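Residues per chain are reported as follows:
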Amino acid sequence: MRLWSHDPWRQVRRLQDEMNRVFSGIDQPRASVFPPVNVWSSPEGVALTAELPGMDPSALDISATDDHLTLEGEMPAPVSEEGVTWHRRERRSGRFSRTIQLPFRIDADTVDASFRDGVLRISLSRPEEEKPRKIEVKAS
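Conventions adopted
- Residues numbered from 1 in each chain as written.
- Predicted model: local features only at pLDDT ≥ 70, side-chain atom pairs only at ≥ 80, totals over all residues.
- Heavy atoms only, no water.
- Helix = DSSP H or I, 4+ residues; strand = E, 2+ residues; numbered from the N terminus.
- Buried < 20%, exposed > 50% of the residue type's maximum accessible area, 1.4 Å probe, protein only.
- Contact = heavy atoms within 4.5 Å.
- Areas by Shrake-Rupley, 256 points an atom, 1.4 Å probe, with all protein chains shown as cover.
- Pairing = 2+ DSSP bridges.
- Axes fitted to C-alpha atoms, helices over the stretch in contact; angles between N-to-C directions.
- Core = buried A, V, L, I, M, F, W, Y, C linked by side-chain atoms within 4.5 Å.
- pLDDT = per-residue confidence, 0-100.

1. Remarks on the overall build of the protein
- If you tally the helices and strands in the protein, you get one helix and seven strands.
- Each helix (α) and strand (β) of the protein, taken in turn from the N terminus, gives the series α-β-β-β-β-β-β-β.
- Going through the 140 residues of the protein one by one, you find that 23% of them count as buried.
- Put simply, 55% of the contacts in the protein that link residues at least 6 apart link residues at least 24 apart.
- Surface summary for the protein: the accessible area is close to 11,200 Å², and the carbon and sulfur share equals 49%.

2. Description of the sheet that holds strand β4 (residues 68-75)
- The antiparallel open sheet is built from three strands, whose spatial order is β3-β4-β5. Both outer strands of the open sheet, β3 (61-65) and β5 (94-101), are each paired with one neighbouring strand and no more. Taking each pair of neighbouring strands and ignoring which way they run, the sheet shows an average axis angle of 10°.
- As defined by bridge partners, β4 adjoins β5 across eight bridges and the pair is classed as antiparallel. Looking across to β5, one finds that Glu74 is bridged to Arg95.

3. Considering the nonpolar core
- By size, the foremost hydrophobic cluster in this structure holds 19 residues, and its most contacted members are Leu52, Leu69, Leu71, Phe96 and Leu124.
- Going through the elements one at a time, β2 (45-51), β4, β5 and β7 (119-125) are the ones with two or more residues in this core.
- Those residues within four positions of Leu124 in sequence are excluded, and the remaining contacts are Gly45, Val46, Ala64, Leu69, Leu102, Ile106 and Val111.

4. Topic: the confidence of the model for the protein
- On average, residues of the protein carry a pLDDT of 82, and 89% of them reach 70 or more.
- Counting contacts from residues 28-32, a segment whose pLDDT is below 50, to residues more than four positions away or on other chains yields six contacts.

5. Remarks on the side chain of Thr49
- The topology assignment puts Thr49 in strand β2.
- Ignoring anything within four residues of it in the chain, the contact list for Thr49 reads Pro36, Val37, Asn38, Trp40, Val119, Leu120 and Arg121.

6. Notes on the pairing of β4
- As judged from the five bridges shared by β3 and β4, these two strands associate in the antiparallel manner. Bridge pairing in β4 places Ile62 opposite Leu71.
- In this structure, the hairpin formed by β3 and β4 is closed by a connection of two residues, where Asp66 is found at a positive phi of approximately 45°.

7. Re the sheet that holds β2
- Here we have four strands laid out as an open sheet, ordered β1-β2-β7-β6, and antiparallel in their pairing. Edge positions in the open sheet fall to β1 (37-41) and β6 (112-116), since each of these has one partner strand only. Direction aside, neighbouring strands of the sheet carry axes that sit 15° apart on average.
- Relative to β2, β1 runs antiparallel, the two being bridged by five bridges. Its bridge partner lying in β2, Ser41 is registered against Val46.

Take a look at the structure:
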């Protein structure tokens, strides 16, 4: 006769091991979604904000063509003291490049960018010939 010991947590541990295996190495955001941005538009143009905490603004490369805006740069790696053990590391470091398609063509000569408190703010104007015009209706 064989005795079987029942372990009610065996299946839970097996599931946890499987989940850990599946998600191992997924501890940083994908490069395609970094930096996180907000984009909104008006009839006059487009505005964008990007979160870049700890970034040196002089290390940013911004280019605008037609209906695309590209942000490139390198986030510095955090400096840690010797003997320090990381328990969580969610902020990304390293090179990034992100191209955002804008809702319409922009005038690349009128792009304005500013950086304050780790937030990049960019204003892009629509070309004059593409701005919506109010059409006056003449009464007869």
